[in-house]
Amino acid sequence: MIKGEFKLIESIKERIDRAQKFSEKIYGIGDDCAVYKISDNRFGLFSTDISIENVHFDLSYTSLFNAGYRSMAANISDIYAMGGKPVLALVSIGIPQNITPQMIDELYDGLLACAVKHGTFIAGGDTSKSSELIINISIYGETSAPVYRKGAKPGDRIYLTGNTGLSKLGLEILNSKSASGSFRNSTLKHLQPEPRGDLTEIILKNYIPTSMIDISDGLLIDLGHICEMNSCGFKLYEEKIPVHDELKKFCSDKKISLTDYSLYSGEEYELLFTSEKYITDDERITYIGGITPRGYTLVIDNAETEIKINGYDHFK
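Rules behind the numbers
Residues numbered from 1 in each chain as written. Predicted model: local features only at pLDDT ≥ 70, side-chain atom pairs only at ≥ 80, totals over all residues. Heavy atoms only, no water. Core = buried A, V, L, I, M, F, W, Y, C linked by side-chain atoms within 4.5 Å. Buried < 20%, exposed > 50% of the residue type's maximum accessible area, 1.4 Å probe, protein only. Helix = DSSP H or I, 4+ residues; strand = E, 2+ residues; numbered from the N terminus. Contact = heavy atoms within 4.5 Å. Pairing = 2+ DSSP bridges. Axes fitted to C-alpha atoms, helices over the stretch in contact; angles between N-to-C directions. Salt bridge = Lys/Arg side-chain N within 4 Å of Asp/Glu carboxyl O.

Engineer: A description of the nonpolar core should follow, citing residues and the corresponding values.
Structural biologist: If you look at the biggest cluster of nonpolar residues, it comprises 27 residues, and the most contacted ones within it are Met72, Val91, Leu107, Leu111, Ile135 and Ile137. Only β3 (42–52), α2 (64–81), β4 (85–95), α3 (101–117) and β6 (134–143) provide two or more residues apiece to this core. Considering every element that reaches this core, the biggest residue donor is α2, with eight residues. Beyond its immediate sequence surroundings of up to four residues, Leu107 is in contact with Leu64, Ala67, Gly68, Ile93 and Ile135. In this structure, Leu223, Cys227, Ile291 and Ile307 belong to the second largest nonpolar core, which totals 20 residues.

Pasting the structure below:
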């Protein structure tokens, strides 16, 4: 029995490392993308991501357009998380018997809408019959200097683009069949998440990030990946973590904790990064804490609380 996604990935990585000779031109498993050094100041970025019906999306409330859009967004976001620009994608789909050619057209409309918006060329792929709809995308991008998860160190500041929590709320609203019109921002964030390529160049130029990751599993668990990679800890300030007004109202009305959403919401695709620089004048990017030598701490009303790393895991 598989006990956890990240233990499984580590086991696979160890097996691959034993079988293959190290290449100084290739950076493999352990980041948002694999990296290949093409030449000085030119690096190829490679990633792949799978979306499976009833695991990653539910067609009872997700249109095929949105299933395509969010699948492409997840892949493009990995390229941005490495400080790169997406170039091309290969799309393979497993097709159930109930899917018609017109439905495939709708799916590709969503894939193309996201790809074209972010300058990504769909260059090919594969098709097969399957029991559920499966969308698997492999993506290629380039950068002059990759930003890895490894590189953060004590004293670095932690920054977040946008805000987190809406995707988790949007999923709950859609699952509950509630009046989704009252939560338009939340449901849109879940159905059509937008990769943050609009901020990548600003982050690289102004902040010179020491590490970076996109939030796919949740702010807390993805920050934990950075800290584990660098053998360090973090201190987060609850009051500094930005929260959308829609989520604030929902949590206030329900009298529930905002941090349950802001810390644990996956599929946000905001960028989380560390930097030596202290910058507070960009409202799109927020300083939320700092890297420490050890321990995971959340500060609430000036009181420090040890916090356990938790987030989405496919096998739990």
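Engineer: Got a sec to walk through the sheet that holds strand β8 (residues 211–214)? Specific residues and values, please.
Structural biologist: Read from one edge of the open sheet, seven strands run β8-β10-β7-β11-β9-β12-β13, paired in mixed fashion. The open sheet terminates on both sides in strands that have one partner only, identified here as β8 and β13 (303–306). Here the average twist between neighbouring strands, direction ignored, is 25°. Contacts from α2 reach β8 and β10 (271–275) within the one sheet, and its direction differs from that of β8 by about 175°. Contacts from helix α6 (residues 197–207) reach β7 (157–161), β8, β10 and β11 (285–292), with the element oriented near 10° to β10.

Engineer: How would you summarise the pattern of salt bridges if you had to cite specific residues and measurements?
Structural biologist: Inspection of the entire model under this criterion finds 17 salt bridges. Measuring nitrogen to oxygen at the nearest pair gives 3.4 Å for the salt bridge that ties Arg149 to Asp32. Linking Arg149 in the loop between β6 and β7 with Asp32 in the loop between β1 (26–27) and β2 (34–39), this pair joins segments that are 117 residues apart in sequence. The same class applies to Arg149 and to Asp32, which are both buried. Across the salt bridge formed by Arg196 and Glu270, the nearest N and O atoms sit 2.9 Å from each other. One end of the pair, Arg196, is in the loop between α5 (184–191) and α6; the other, Glu270, is in the loop between α9 (259–262) and β10, with 74 residues separating them in the sequence.

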